[in-house]
Amino acid sequence: MTALLDLESVDVHYGDFQAIHGVSLSLDEGETLAVMGANGAGKSTLLKAVAGLMATSAGAVRFGGQDLAGMAPHQRVAAGISLVPEGRRVFKSLTVEENLLVGGYSGRPGPWDLAAVFKAFPLLAERRSRTGIHLSGGEQQATAIGRALMANPRLLLLDEVSLGLAPVVVKDIYQALPVISSRGTTVLIVEQDVSQALSVADHVQCLLEGRTVLEASAASVTRDDVAAAYFGLE
Ligand code: ATP
């Protein structure tokens, strides 16, 4: 079976600084991969390289078997790759429902519509008429994820969705992830919280200073294994 996402020996530079060193990764359709690592390990850079927001300087990024080299970010969205960047960006003057509908505009056909998003995030259903400016951090994050889903991506890229949120809200966000997977959407999540990541991922990959230091099925590793890799203790 061809992997949905396949990275082969990818390098990424910021000017002279090399942030990613020969990272390979493979993610099958319908599975969830968590990329973990400390601050500055290169997690966001890797997501940006998949979304087309950062150029790769070596290696290949393939999606559904197709090499994405030279493909602009908007073309990658059209091909089925949606990124929820760090920082919960929602349109502050639009309601939750309007934010979601914007995400679906010119989207691909698929399992995601307003009703499906509200099922995955019941808290949004209750807030559907509330404007962005009046939403809590968690509601904004859920709206940002819901908006990305409305485009019916084959691959959803989530960058640190729990960062800065209260634990009870993080729980709500994480409860939605199995629902997202159950509709066949493949998820690549960047997460610093090892327990959260292990609770939802099929596979985990740990980066340290831009290099892969651990690659395993989530069921075969403990929190301590990941933490050790995270800090380069292995
Ligand atoms: P964080 O959790 O802090 O976002 P991260 O694992 O996502 O960390 P990246 O943001 O991908 O890490 O950063 C990887 C490396 O690239 C770091 O050393 C960082 O300082 C560097 N870097 C990130 N963005 C830039 C930039 N715009 N210009 C130069 N260097 C950058």
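Residues numbered from 1 in each chain as written. Predicted model: local features only at pLDDT ≥ 70, side-chain atom pairs only at ≥ 80, totals over all residues. Heavy atoms only, no water.

Asks: What exactly am I supposed to notice about the packing of aromatic side chains here?
Replies: In this description, an aromatic ring pair is defined by two values, namely the gap between the centres and the angle between the planes. A full pass over the atoms with the stated rule returns zero aromatic pairs. We note Arg-154 situated over the ring of Phe-63; from NZ or CZ to the ring centre the distance is 5.6 Å. Geometry around Trp-112 places Arg-183 over its ring, the cationic atom sitting 5.3 Å from the centre. (Phe/Tyr/Trp six-rings, centres within 6.5 Å; stacked < 30°, edge-to-face > 60°. Lys NZ or Arg CZ within 6 Å of the ring centre and 35° of its normal.)

Asks: What is the right way to look at the nonpolar core in this model?
Replies: Here is a general trend for soluble globular proteins: nonpolar side chains tend to be buried in one another's company. The biggest cluster of nonpolar side chains holds 47 residues, and the ones touching the most others in it are Phe-121, Ile-145, Leu-158, Val-204 and Val-226. Formed by 28 residues, the second largest nonpolar core is a distinct cluster that contains Leu-4, Leu-33, Val-35 and Phe-63. (Core = buried A, V, L, I, M, F, W, Y, C linked by side-chain atoms within 4.5 Å. Buried < 20%, exposed > 50% of the residue type's maximum accessible area, 1.4 Å probe, protein only.)

Asks: I tried to follow the site of the ligand on my own but got confused; where do I start?
Replies: Around the ligand sit 14 residues in total, of which Gly-40, Gly-42, Lys-43, Ser-44 and Thr-45 are the nearest. The backbone of Ala-41 places a nitrogen or oxygen atom 3.0 Å from an oxygen atom of the ligand. In this structure, an oxygen atom belonging to the ligand sits 2.5 Å away from a side-chain N or O atom of Thr-45. Secondary structure elements with two or more residues in the shell around the ligand: strand S2 (17-27) and helix H1 (43-51). For the shell around the ligand, the leading source of residues is H1, giving three residues. (Near = heavy atom within 4 Å. Polar contact = N/O pair within 3.5 Å; in protein donor to acceptor, adjacent residues only side chain to side chain. Helix = DSSP H or I, 4+ residues; strand = E, 2+ residues; numbered from the N terminus.)

Function cannot be inferred from these measures alone, as they are strictly geometric.
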